Amino acid sequence: MKTALLILAVALTGSARAQLDSLLAPIVASTSSGAALARPINPVAVTPTAPLLTADRLIAELERELATRFAVTGELKLTLARNWEPVRMPAEDLFVAVTELPVGGVSGAFFIRAKASSGGTVLGEWQLPLRAQLAQEVWVAATRLERGQELDRKLLGVQKVDVLRERSPLIPASADPTTFDITQTIPAGRPLTTRDVIPRPVVRKGQVVEVVAQQGMLSVTMKALALESGAIGDLIKLRNVESRREFSGQILHESKVQVLF
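What counts and what doesn't
Residues numbered from 1 in each chain as written. Predicted model: local features only at pLDDT ≥ 70, side-chain atom pairs only at ≥ 80, totals over all residues. Heavy atoms only, no water. Salt bridge = Lys/Arg side-chain N within 4 Å of Asp/Glu carboxyl O. Helix = DSSP H or I, 4+ residues; strand = E, 2+ residues; numbered from the N terminus. Pairing = 2+ DSSP bridges. Axes fitted to C-alpha atoms, helices over the stretch in contact; angles between N-to-C directions. Buried < 20%, exposed > 50% of the residue type's maximum accessible area, 1.4 Å probe, protein only. Lys, Arg positive; Asp, Glu negative; His and termini not counted. Contact = heavy atoms within 4.5 Å. Core = buried A, V, L, I, M, F, W, Y, C linked by side-chain atoms within 4.5 Å. Phe/Tyr/Trp six-rings, centres within 6.5 Å; stacked < 30°, edge-to-face > 60°.

Q: Quick question: what am I supposed to make of the pattern of salt bridges here?
A: As a working rule, side chains carrying opposite charge can pair if their charged atoms are close by. One pass over the full model with this rule turns up twelve salt bridges. Residue Glu150 pairs with Arg204 through a salt bridge whose shortest N-O separation is 3.2 Å. With Glu150 in the loop between strand E6 (121-141) and strand E7 (156-162) and Arg204 in the loop between strand E9 (197-199) and strand E10 (208-215), the pair connects residues that are 54 residues apart, well separated along the chain. One salt bridge connects Arg239 with Glu246, and the closest N-O pair in it is separated by 3.0 Å.

Q: Could you clarify how one ought to interpret the sheet that holds strand E11 (residues 218-226) in this entry?
A: Backbone hydrogen bonds are what pair the strands of a sheet, in a parallel or an antiparallel way. On the basis of which strands lie adjacent, the closed barrel formed by five strands has the order E10-E11-E12-E13-E14 and mixed pairing. Averaged over all pairs of adjacent strands, the angle between strand axes in this sheet comes to 50°, irrespective of strand direction. As paired strands, E11 and strand E12 (residues 235-240) are joined by three bridges and run antiparallel to one another. Bridging from a neighbouring strand, Ala224 pairs with Asn240 of E12.

Q: What's the story with the side chain of Glu63 in this structure? I'm lost.
A: Along the polypeptide, Glu63 turns up in helix H2 (residues 55-69). No salt bridge is formed by the buried Glu63; the nearest opposite charge belongs to Lys77, separated by 4.9 Å. Residue contacts for Glu63: discarding those within four places in its chain leaves Leu76, Lys77 and Leu78.

Q: Hey, could you run me through the nonpolar core in this one?
A: Within soluble globular proteins, side chains that are nonpolar generally end up buried alongside one another. Counting 28 residues, the largest nonpolar core has Leu62, Leu78, Leu128 and Leu130 as the members making the most contacts within it. Looking at this core, the elements that each hand over two or more residues are H2, strand E2 (75-80), strand E4 (95-100), strand E5 (109-118) and E6. In terms of residue count, the dominant contributor to this core is E6 (seven residues). The residues contacting Leu78, other than those within four sequence positions of it, are Ile59, Leu62, Glu63, Leu66, Phe110, Leu130, Arg131 and Ala132.

Q: Where do I start with the packing of aromatic side chains in this structure?
A: Two descriptors summarise a pair of aromatic rings, namely the distance from one centre to the other and the angle between the planes of the rings. Under the defined criterion, the tally for this structure stands at one aromatic pair. Measuring from ring centre to ring centre gives 5.0 Å for Trp84 and Trp126, while their planes differ by 80°; the resulting arrangement is edge-to-face. Of the two residues, Trp84 sits in the loop between E2 and strand E3 (87-88) while Trp126 sits in strand E6, which places them 42 residues apart along the sequence. Like Trp84, the residue Trp126 is buried in the burial classification.

Q: Sorry, what's going on with the pairing of strand E14 (residues 256-260) here?
A: Every regular strand shows the same layout, with side chains that alternate between the two sheet faces. Alignment of E10 against E14, held across five bridges, turns out to be parallel. Bridging across to E14, Val211 finds its partner in Val257. Here strand E13 (residues 246-253) runs beside E14; their pairing, made up of three bridges, is antiparallel. Looking across to E14, one finds that Ile251 is bridged to Val257. Taking the residues that link successive antiparallel strands as the turn, the E13-E14 hairpin has two residues, and the phi of Ser255 there is positive, at about 70°.

This is how it looks when you write it as structure tokens:
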């Protein structure tokens, strides 16, 4: 009797174990299946020797992208305003796209959003704080310049400066300085800004000019005294030399003004 009870206990124990194994089997299978599904369908091999997307390489791509998007003239230099952790790339090729441009354009400090891809895989998208310098060649006073003085190339020099640090736009070296007059005193060595100059008048106050008055097919010419100075395209006041009547006319070129009815 005791032997029979012992055999029954062992049988029950084996049955319980079998039931336990049967219950655990789906859980193990489910866990194994979940691990398989968690892997990428087309995994990209990234090894410890894979190329790195460093801060220098990212900045070089951003400089080219922003210079093109904003048609920048001069040398644009960018720096990241925060630390950058290098990112492993699956291939040597790299494509960086600026997905969100700075609202005010390129300035001394701004934010952009950029996305980088390599080997057909998106590496990431980041909001990046940047600092910028834009070096351009501009006109600089070689000597002290006085208000009302006519500019001449001999009075100026060319210097490369960071134009983003200036509050007022500077006069680029590509501009012809002989088309400007000085509006205020400029010390030697200071770059010329748009506040320092005005377009040089081609007609000056007190000058007698030829006036062409035209209406339809009718055209009349007369002499008039310029009551104001002005550049080409400016509207100035005039006085008819004979009738003394005052009127306004638009400067066409040196010593010639047009009146339209």
